[in-house]
Amino acid sequence: MKAGVSTACLYPQLLEDSLKDLVERHIINTEIFVNSHCEMQPEFTQLLYSILKRNNAVCTAMHPYTCPMEPMMLFSQYERRVSDMLDYYKSFFEIMNRFGTKIFVFHGNKYQTPVSEELYFERFARLAECAESFGIIAAQENVSRCQSRDLEFLTDMAGYLGDKAHFVLDVKQAVRADEDPLMFVKKLGDKIVHVHISDHGEKGDCLPLGHGKFDIDTFLVQLKKAGFDGSVMIELYRYNFSDADELADNYFYLKEIIQKIDVEAKV
């Protein structure tokens, strides 16, 4: 397992400034949340790449800004939209190949306007196949406002898609959907390829690690036992922490926990 931090934590600060704030504090494992189409242009992506390289940092996952468009473009009955959206995502996959990024984070359809599971899974399979042709893993995130909010839905997805099913486990989104994050680990196991972590408790459902009641150690131990060897990304909202220095402190706190678990596993 590897600790990391998402640039989404610093939104609405400009992406390049957010990335600099992370890597210049020795946060060497990042997830990049692309916020606008212009941030996919060659000059801009070269800027991001240079920031990473200059600081010996990597981008493990990329999150597209197009989440609100996915219900209309991928889950309607209008086939041409599906083809257009997959073509558009190829632009992301090409950027990810330049960066050496492997995980593409996907939200999917809205919970309020569900489609059948069969339709949903078949559309995701097409996305997964398209991503795979670039060497990319498309991973379904559990999101409380989306059809992917329910663990039962995701276990059905895993059964239907088999090897094409991969997941991003977001702790705060599980909490918001009244789901137990540990049950996601138990049910989805090694199909979880990426994690968004945060704490939660009386002060809120998205807190810096160590500021709530979430048993982080047990959660990470169970992830490791399930075969997880990906990145555990701190993903908070900007109002949940004070500044980038606090994010860096939380990153090193998470690194220490992971290192302790690794040492104990070898004993």
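Our structure's up above, just so we're on the same page.
Within each chain, residues carry numbers counting from 1 in the order of the written sequence. With the structure being a predicted model, the display of local features is reserved for residues of pLDDT at least 70 and the display and counting of side-chain atom pairs for 80 or more, all residues being used for whole-chain, interface and lining totals. To get the side-chain values, all heavy atoms of the structure are used, and hydrogens and water are removed first.

**Student:** So what's going on with helix α2 (residues 42-54)? Residues and values would help.
**Tutor:** Helix and strand definitions here come from DSSP, where helices need a minimum of 4 consecutive H or I residues and strands a minimum of 2 consecutive E residues; each element is numbered from the N-terminal end. Helices are assigned an expected span. That span is 1.5 Å times one less than the residue count. Helix length check: α2 (13 residues) gives 18 Å between terminal C-alpha atoms against 18 Å at 1.5 Å per residue, within 8%. Of all the residues in α2, the buried ones are F44, T45, L48, I51 and L52. Along the axis of α2, the buried positions cluster into a sector of 115°, meaning they face one direction only. Turned more than 90 degrees away from the buried face of α2, the exposed residues are P42, E43, K53 and R54. If you follow the buried residues of α2, they end up packed against α1 (15-23), β2 (29-33), β3 (58-63) and α4 (79-99). A positive backbone phi angle near 55° is found at N56, which sits one or two residues after α2. Burial here depends on accessible area, computed with a 1.4 Å probe over protein chains only, as a share of the maximum for the residue type. Under 20% is buried, over 50% is exposed, and the range in between is partly exposed. Directions pointing from the helix axis toward each C-beta atom define the arc. By definition in these notes, contact holds between two residues if any of their heavy atoms fall within 4.5 Å.

**Student:** Quick one: what's the story with the side chain of Q173, residue by residue and with numbers?
**Tutor:** As for its placement among the helices and strands, Q173 is situated in helix α7 (residues 171-176). Under this definition, polar contacts are N or O atom pairs within 3.5 Å; protein pairs additionally need one hydrogen-donor-capable and one acceptor-capable atom, and for neighbouring residues in sequence, both atoms have to be side-chain atoms. Looking at Q173, its side chain comes within polar contact range of the main-chain nitrogen of S144, at 2.8 Å. Among residues more than four places away in sequence, those in contact with Q173 are N142, V143, S144 and Y237.

**Student:** Describe unusual backbone geometry, naming the residues involved and giving the relevant values.
**Tutor:** Between Y11 and the following residue, P12, the backbone shows a cis peptide bond with an omega angle of 15°. The topology assignment puts P12 in the loop between β1 (2-6) and α1. Non-glycine residue H26 carries a positive phi angle of around 70°. Turning to its location among the elements, H26 is positioned in the loop between α1 and β2.

**Student:** I'd love a proper account of the sheet that holds strand β6 (residues 167-170), names of residues and values included.
**Tutor:** When DSSP locates at least two bridges between a pair of strands, those strands are taken to pair. Around the barrel, eight strands lie side by side as β1-β2-β3-β4-β5-β6-β7-β10; this closed barrel has parallel pairing. When strand polarity is set aside, the average angle formed by the axes of neighbouring strands in this sheet is 30°. Where strand β4 (residues 103-106) meets strand β5 (residues 137-141), four bridges bridge the pair, whose relative direction is parallel. For I103, the partnering residue across the bridge sits in β5 and is I137. Lying on the sheet, helix α8 (residues 181-188) is in contact with β6 and β7 (192-197); it crosses β6 at an angle near 160°. Every angle, taken between N-to-C directions, lies between 0 and 180 degrees, and every axis is a line fitted to C-alpha atoms, over only the stretch in contact when it is a helix.

**Student:** Can you lay out the pairing of strand β10 (residues 231-234) for me, pointing to particular residues and giving the numbers?
**Tutor:** On a regular strand, one side chain projects to one face of the sheet and the next to the other, so that they alternate. Alternating positions in β10 separate into two faces, S231 and M233 on one and V232 and I234 on the other, with burial throughout. Summarising the sheet, β1 and β10 pair through four bridges and their orientation is parallel. Within the sheet, the bridge partner assigned to V5 lies in β10 and is I234. The pairing of β7 with β10 spans four bridges and is classified as parallel. Considered in β10, the bridge of H194 is made with S231.

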